[in-house]
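Remarks on the overall topology
Residue-level listing of the chains:
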Amino acid sequence: MKPPVIELHRAALTYPGPPPVAALLPCDLTVRQGEFLTVVGPSGSGKSSFLNLIGLLDVPSQGRYLLDGVDTGQLNDADRSALRGRHIGFVFQAFHVLPHRTARENVETALVYQRVPRRERGERARTALDAVGLGNRTEALPTTLSGGERQRVAIARALVGQPSLVLCDEPTGNLDTATAAQVLDLLEELNAGGVTLIVITHDPAVSERGTRVLRIRDGVLGEPAEPAVLS
Ligand code: ADP
Ligand code: MG
């Protein structure tokens, strides 16, 4: 069995408020290297909260979270950011692509925080864009790209730092069905190359591509007994 990448031990997330919101109730979870996990649940069920916790953008209000064996609760903010930068790539629904920067510059921004020397950044960004099929659009501004192409820029930006874990929050939420399928193909390829992948979605067509599906409802995370009845 592959080693665990993520281990949650009774981890929970409550937003302090007021009023406090228990977004994620205490849960246990082990995700192993190379898994493709999808998490489904209705709007407001805690999917983004779960992803923010896994992505070290938020800290558990109780319980423990180990990432690659590191107990993240013991880290200060700087160390937590450094760990996030080294290990994790993010892809969000709304693309989060900077509008006045070219595709290449958008991808390069991910390397600034990794302290990659400036002269190497351009080459790495071009390679990442090539990998998502945008090698001929590296100098394009996002306004001249389609939704699917913009999401591929976002994926290239998530990949360029060679993360071992890629987290996607509704990555196809703004895309038509055919473009969404292409983006999923790309994520699947990435997973086939060894990257651990977690995709949050409310779309059963997306969740069924995962090799393991979790359901979240009212902040309760669990394995569905019957994958066919997900929604
Ligand atoms: P989903 O992604 O499944 O739509 P979220 O994780 O965004 O759900 O939200 C889960 C619950 O936590 C919701 O009730 C939401 O209103 C609440 N919530 C999300 N973010 C915050 C926040 N920063 N402060 C307070 N409550 C929040
Ligand atoms: Mg959400």
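Residues numbered from 1 in each chain as written. Chains lettered and ligands numbered in written order. Predicted model: local features only at pLDDT ≥ 70, side-chain atom pairs only at ≥ 80, totals over all residues. Heavy atoms only, no water.

An unreviewed UniProt entry lists the protein under the name ABC transporter ATP-binding protein, with Streptantibioticus silvisoli given as the organism.

**Topic: the site of ligand 1**
Our working definition: For each residue, the test is whether any non-hydrogen atom lies within 4 Å of the molecule or strand; if one does, the residue is near. Here a polar contact is recorded for every N or O atom pair within 3.5 Å, except that within protein the pair must consist of a potential hydrogen donor and a potential acceptor, and residues adjacent in sequence are included only if both atoms are side-chain atoms. Starting at the N terminus, helices and strands are each numbered in turn, a helix being any DSSP run of H or I of at least four residues and a strand any DSSP run of E of at least two. When residues are sorted by character, Ala, Val, Leu, Ile, Met, Phe, Trp, Tyr, Cys and Pro go into the nonpolar class, Asp, Glu, Lys and Arg into the charged class, and all the rest, Gly among them, into the polar class.
Looking at ligand 1, the residues that line it are Y15, V21, A23, P42, S43, G44, S45, G46, K47, S48 and S49. Interatomic distance of 3.2 Å between a backbone N/O atom of S45 and an oxygen atom of ligand 1. Within the side chain of S48, one N or O atom sits 2.9 Å away from an oxygen atom of ligand 1. The set of elements that each furnish at least two residues to the shell around ligand 1 consists of β2 (21-32) and α1 (47-54). Top contributing element to the shell around ligand 1 by residue count: α1, with 3 residues. Considered class by class, the residues forming the shell around ligand 1 number 4 nonpolar, 6 polar and 1 charged.

**Some words on the pairing of strand β1 (residues 4-15)**
Note the threshold: Pairs of strands are assigned from DSSP output, requiring at least two bridges between the strands.
Bridge analysis of β1 against β2 gives 8 bridges, and the strand direction is antiparallel. Paired with L13 across the strands is L24, a residue of β2. Where β1 folds back onto β2 in an antiparallel hairpin, the turn is made up of 5 residues, including G17, whose phi is positive at roughly 75°. Two strands pair when backbone bridges link them, and β1 and strand β4 (residues 62-67) are joined in this way by 5 bridges, in the antiparallel orientation. By the bridge assignment, H9 is partnered in β4 with R64.

**Brief notes about unusual backbone geometry**
Defined as follows: Throughout, exposure labels follow a simple rule: accessible area from a 1.4 Å probe, protein chains only, divided by the maximum for the residue type, with under 20% read as buried, over 50% as exposed, and the rest as partly exposed.
Cis geometry is found at the peptide bond from G17 to P18, where omega equals 10°. Positionally, P18 belongs in the loop between β1 and β2. Going from P18 to P19, the amide bond is cis rather than trans, its omega being -5°. In this structure, P19 sits in the loop between β1 and β2. The phi angle at D68 is positive, at roughly 50°, despite the residue not being glycine. Among the secondary structure elements, D68 is positioned in the loop between β4 and β5 (70-71). The partly exposed category is assigned to D68, whose relative accessible area is 32%. At Q162, a position not held by glycine, the phi torsion is positive, near 50°. The residue Q162 is located in the loop between α5 (147-159) and β7 (165-169) in this model. You can call Q162 exposed: its relative accessible area is 65%.

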